[in-house]
Amino acid sequence: MEIDLRGRSFLKLLDYSPDEIRYLIDLAKEFKRKKKEGITHEYLHGKQLVLLFEKTSTRTRCAFEVAARDLGMGVTYLDPASSQMGKKESLEDTARVLGRMYDGIEYRGYDQSIVEELSEKAGIPVFNGLTDQFHPTQMLADIMTAEENFGDMKGRKIVFMGDARNNVANSLMVICAKMGINYVACGPKKQMPEEKLSEVCRKVAEENGSTITFTEDVSIGTKDADVIYTDIWVSMGEPEEIWEERIRLLEPYRVTEEVMANAKKEAIFMHCLPSFHDTNTTIGAQIAEKYGICEMEVSDSVFESAQSKVFDEAENRMHTIKAVLYATMNVA
Ligand code: CP
Ligand code: NVA
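Residues numbered from 1 in each chain as written. Chains lettered and ligands numbered in written order. Predicted model: local features only at pLDDT ≥ 70, side-chain atom pairs only at ≥ 80, totals over all residues. Heavy atoms only, no water.

## Considering the pattern of salt bridges
Going by this rule: Salt bridge, as applied in this entry: a Lys or Arg side-chain nitrogen positioned within 4 Å of an Asp or Glu carboxyl oxygen. Buried means the residue's accessible area, taken with a 1.4 Å probe over protein chains only, is under 20% of the maximum for its type, while exposed means over 50%, and partly exposed covers the values in between. Secondary structure follows DSSP: runs of H or I at least 4 residues long count as helices, runs of E at least 2 residues long count as strands, and numbering of each begins at the N terminus.
Overall, the coordinates contain 31 salt bridges when judged by the stated rule. Between Asp4 and Arg6 there is a salt bridge whose closest N-O contact spans 2.8 Å. Residue Asp4 is classed as partly exposed on the basis of its relative accessible area, which comes to 43%. The partly exposed category is assigned to Arg6, whose relative accessible area is 48%. With its nearest N and O atoms 3.7 Å apart, the salt bridge here joins Glu117 to Lys121. Taken as a pair, Glu117 and Lys121 lie in helix α4 (residues 112-122) at a separation of four residues, close to a single helical turn. For Glu117, a relative accessible area of 28% puts it in the partly exposed group. A single salt-bridge network, built from bridges that share partners, covers Glu92, Asp93, Arg96, Glu117 and Lys121.

Structural data, given as structure tokens:
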């Protein structure tokens, strides 16, 4: 089947069919090969991309910037301190202005409705670089990384440990359902995905021959897993006061060597990053001092182990974002 994504926004994976997701991941693999072989690919020369960040970022910003430049595009980076958006100009007006100057908009920020509205009003493709609910570009990199280790992921088992209702976990559940991968959310009841999204994902998974399971039991959840995935316990935009409760709720779900030993022998560890696996960060050091824990969602030994593929994932952010930009912005 011929896939044509030209002019489309990339807001959430629920909007994309399994074939379209497959196409983007395959395209990313092709771009990775080209980059490694030094084959230039400035296919979008003369196009312009603007990056709107209302939350901080290392990987997503750099991935968009490098991908856009490799494709020959110009890039503008705007953060809340250096734009009028929200304070002096409505989102609707901002979108209409940017739509006159640019060929694509990346947005990282708060509610999913913001990126959806941007897309409606801008008249050009809009890319979700993370909202409170979803982080779709991260997922393309994650499945690509898993495939680099296992080949086809269909029928395999990915377990998300910890805050299973955050943006990364939500998106992981969606992409697993779309790609026929068995998904397990392993965490406390309070942090399980919302009912509405879970129901949608269960239906999609059934259509694609996989299952969505929730469990509080680490030993049952991680048994024979192919991938153990986790993320930080408190996401950007959540109040600082929540740390104490999250540590209490999520400590039993830390990814340790014992957890990895319960998974398959060839299992891999994945994390979107940034990660609190030691005390070499301001927040990590503060938490250690206040609560006496030196590692949070993953032990340092697992993070640094040969099973850990976190830096491959980080690199693949760039190749997959490049695929999204090319596929959607390749219009005359
Ligand atoms: N994984 C990810 O989105 O990282 P950044 O917050 O650094 O962009
Ligand atoms: N759940 C994290 C992901 C960071 C990439 C957050 O939203 O802060």
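## Looking at the site of ligand 2
Test applied: What makes a residue near a molecule or strand is one non-hydrogen atom of that residue sitting within 4 Å of it. Any pair of nitrogen or oxygen atoms within 3.5 Å is treated as a polar contact; in protein, a donor-acceptor pairing is required on top of that, and neighbouring residues in sequence qualify only through side-chain atoms on both sides. The protein chains shown are the only cover counted for residues, whose accessible areas, like all others here, come from Shrake-Rupley with a 1.4 Å probe. Asp, Glu, Lys and Arg are counted as charged, while Ala, Val, Leu, Ile, Met, Phe, Trp, Tyr, Cys and Pro are counted as nonpolar; the rest, among them Gly, fall into the polar class.
Around ligand 2, the structure places Leu130, Asn166, Asn167, Val168, Asp231, Ile232, Ser235, Met236 and Leu273. Contact between ligand 2 and Asp231: a nitrogen atom at 2.6 Å from a side-chain N or O atom of the residue. Met236 is positioned such that a nitrogen or oxygen atom in its backbone is 2.8 Å from an oxygen atom of ligand 2. Relative to its unbound accessible area of 270 Å², ligand 2 is 96% covered by the protein chains. Of the residues contributing to the shell around ligand 2, the split by class is five nonpolar, three polar and one charged.

## Here's the deal with the sheet that holds strand β4 (residues 126-128)
Convention followed: By this definition, two strands are paired if DSSP reports at least two bridges between them. Axes here refer to lines fitted to C-alpha atoms; in helices the fit is confined to the stretch in contact. Angles between the N-to-C directions go from 0 to 180 degrees.
Reading across from one edge, β2-β1-β3-β4 is the order of the four strands in this open sheet, with parallel pairing throughout. Of all the strands in the sheet, the pair left with one neighbour each is β2 (74-78) and β4. Each adjacent strand pair in this sheet contributes to an overall mean axis angle of 20 degrees, direction not counted. Here strand β1 (residues 48-53) pairs with β2 via five bridges, running parallel.

## With respect to the pairing of strand β6 (residues 182-186)
Quick note on the threshold: Place the viewer so that the strands point away; then a crossover is right-handed whenever the path from the first strand over the helix to the second strand goes clockwise.
Most of β6 is tucked away, with five of its five residues classed as buried. Going residue by residue along β6, you find Asn182, Val184 and Cys186 tucked away on one face and Tyr183 and Ala185 tucked away on the opposite face as well. Relative to β6, strand β5 (residues 157-161) runs parallel, the two sharing five bridges. Its bridge partner being in β6, Val159 is matched across the sheet by Val184. Following the backbone out of β6, through helix α7 (residues 195-207) and into the adjacent parallel strand β7 (residues 212-215), one traces a crossover that is right-handed.

## So, the packing of helix α5 (residues 136-150) against helix α6 (residues 167-179)
Note the threshold: Angular relationships are summarised with four words: roughly parallel below 35 degrees, roughly antiparallel beyond 145, roughly perpendicular across 65 to 115, and oblique for the angles in between. If you view the pair so one helix is near and one far, a crossing is left-handed when the near helix is turned anticlockwise from the far one by less than a right angle, and right-handed when it is turned clockwise. Here, residues are in contact when the closest pair of their heavy atoms is within 4.5 Å.
Closest axis-to-axis distance for the α5/α6 pair is 9 Å, and the angle between their directions is 55 degrees. It follows from the interaxial angle that α5 and α6 lie oblique. Considering only the axes of α5 and α6, their crossing is right-handed. Along its contact with α5, which presents Pro136, Met139, Leu140 and Ile143, the element α6 presents Val168, Ser171, Leu172 and Ile175. The class makeup of the residues in the contact of α5 with α6 is seven nonpolar, one polar and no charged.

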